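Analysis of the macromolecular model
For reference, the chains in residue letters:
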Amino acid sequence: MGRDFRWLLASSWTSNVGDGVALAAAPLLIASMTSSPILVAAGAILQFLPWLLFGLHAGAIADRFDRRRLVMFANAARAVVLAGLCAFLLTGTANIWIVLAVAFLYGTAEVFVDTAGSTLLPMLVKPTDLGLGNARLQAGYLVANQFAGPPLGAFLFAAGTAWPFLLEILCVLLAVVLISRMARTPVPPRPSTGSGTHEKTGSGTHEKTHVHTDIAEGLRWLWQNPPVRMLVLIILVFNVTWAAPWGVLVLYATEHLDMGAVGYGALTTASAAGGILATLCFGWLERHVSFATLMRVVLSLEVLMHLAFALTNTGWVALVIMFVFGAYAFIWGTISTTVRQRLVPPELQGRVASVNMVGVFGGMVIGQALGGVIAQFWGLTAPWWFAFVGAALTLLFVWKPISQIVSAKPISDTQAIQIQSNEP
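Report on the accompanying structure. Predicted model only: the values in this text are computed from it and were never measured.

Where nonpolar side chains cluster on the molecular surface, the patch consists of Leu277, Leu280, Val297, Leu301, Leu304, Trp316, Val320, Phe323 and Val324 and spans about 850 Å² of accessible area. Listed by contribution, the elements that provide at least two residues to the nonpolar patch are helix H11 (260-288), helix H12 (291-311) and helix H13 (315-343). For the nonpolar patch, the leading source of residues is H13, giving four residues.

Helix-helix packing is described using two parameters, namely the angle between the two axes and the distance between the axes. At a minimum axis separation of 8 Å, H12 and helix H15 (residues 382-398) run at an interaxial angle of 165°. With respect to H15, the element H12 is oriented roughly antiparallel. The element H12 and its partner H15 pack so that their crossing is left-handed. Where H12 approaches H15, its residues Leu299, Ser300, Val303, Met305, His306, Leu307, Phe309, Ala310 and Leu311 are matched on the opposing element by Trp384, Trp385, Ala387, Phe388, Ala391, Ala392, Leu395 and Val398. Across the contact of H12 with H15, the residue classes tally to 15 nonpolar, two polar and no charged.

A few words now on the side chain of Asn75. Relative to the helices and strands, Asn75 resides in helix H3 (residues 67-90). With residues up to four places along the chain from it excluded, the contact list for Asn75 reads Val113, Val172 and Val176.

Right, let's get into the nonpolar core. One finds Ile234, Trp246, Met305 and Phe309 to be the most contacted residues of the largest nonpolar core, which totals 100 residues. A total of twelve residues in this core trace back to one element, the largest contributor, which is H13. Beyond its immediate chain neighbours, meaning those up to four positions away, Trp246 contacts Met305, Phe309, Met322, Phe325 and Trp384. Counting residues in each nonpolar core, the second largest holds 19 residues, with Leu8, Leu120, Leu121 and Val176 among its members.

The subject of this paragraph is the environment of Lys126. Its location among the elements puts Lys126 in the loop between helix H5 (120-124) and helix H6 (130-159). Placed 21 residues apart in sequence, Lys126 and Phe147 show a C-alpha to C-alpha distance of 29 Å.

Another point: the environment of Phe48. Mapped onto the elements, Phe48 comes out in helix H2 (residues 37-62). As a C-alpha pair, Phe48 and Val365 span 317 residues in sequence and 6.4 Å in three-dimensional space. Excluding residues within four positions of it along the chain, Phe48 makes contact with Phe361, Met364, Val365 and Gln368.

Calculation rules
Residues numbered from 1 in each chain as written. Predicted model: local features only at pLDDT ≥ 70, side-chain atom pairs only at ≥ 80, totals over all residues. Heavy atoms only, no water. Patch = residues over 30% accessible without salt bridge, like charges linked within 9 Å, V, L, I, M, F, W, Y side chains within 5 Å. Areas by Shrake-Rupley, 256 points an atom, 1.4 Å probe, with all protein chains shown as cover. Salt bridge = Lys/Arg side-chain N within 4 Å of Asp/Glu carboxyl O. Helix = DSSP H or I, 4+ residues; strand = E, 2+ residues; numbered from the N terminus. Axes fitted to C-alpha atoms, helices over the stretch in contact; angles between N-to-C directions. Parallel < 35°, antiparallel > 145°, perpendicular 65-115°, else oblique. Left-handed = near helix turned anticlockwise from the far one by under 90°. Contact = heavy atoms within 4.5 Å. Nonpolar A, V, L, I, M, F, W, Y, C, P; charged D, E, K, R; others polar. Core = buried A, V, L, I, M, F, W, Y, C linked by side-chain atoms within 4.5 Å. Buried < 20%, exposed > 50% of the residue type's maximum accessible area, 1.4 Å probe, protein only.

Fair warning: the whole summary comes from geometry, so function is off the table for now.
If you want it as structure tokens, here you go:
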């Protein structure tokens, strides 16, 4: 699929190793400082809250500048934040409030990494290759972030609280080096509004507009495009129900299931194993089963997953549930991203992706806040019951609109921006 795609893939996989280490280590760090479900959930909330504050601006910026460089600068900022955390941990001065502040700063940098990074693939491959490209990126996420990273993070945390975050710094910096090998990504051409005011960017001259105007343009396009709008709403609501129990998963695993720190890491590993199995089957599924059918099956399994977690109190059963979750979550993530990227024009990829991500993480912030409070007052299984009821009701509402999302006409291959140096 081209040299630049391979550099993007290598950078993504490397960064995901570090993120996977932190996926287990960060909740364990917070749980070692407090047993409050509200404060534990706050750690995840503060990492994702920046999406609500800066997400739309990040999308507008990604549509204005070289997206590759934005990813590099934002990843460098993440490394600086992690270095500060390590300094506090190594000197013994870290406390829960410092860790929560680091979660917010790290999350802010990640907003720009994820927004700009999500726009790179459509610039490197044809729309018809987006499914395969997203599957390979998702496979890296599963192997590195979900499978290899969490148990390594839990092991390193047991050896010393700073070790997992030092490794994450190395991974993030290496990801910067790898993505720097890509050719410069041009700023997508944008239709003129007739204002007559232009500015120069790294790839040409473009009409100068205010960032809020750009945000409004993206929101207006999304609102006037029913298939993409419905897809974003589905993702928002299902992330609320999904995040409610996930925000206190570390307590659910260590206290309710009595699995310990390593067992908690094994849950995410089981999820990744299921996802890896799905990567082997995705090509066949894409050829033989419609996206509409796959989306309905996946969302139905989501409802059943919440019910199963609410009922079980056995660790090995939870591992089986997580394995199934990982398989269908990979399929959903690959399909939903591919459908969105095929339907959105190149010059709007950043802004629409940012709205989608605001929905993802906004839903997670709301869900984790609800989950923390529900667990505090009604116990650690209560968030799973909330998620089960909410997801089931939502699925009934979106069952028919799913067909309209999948059948919408994609942008043509000629609209894809091709980087001239992207040759095998």
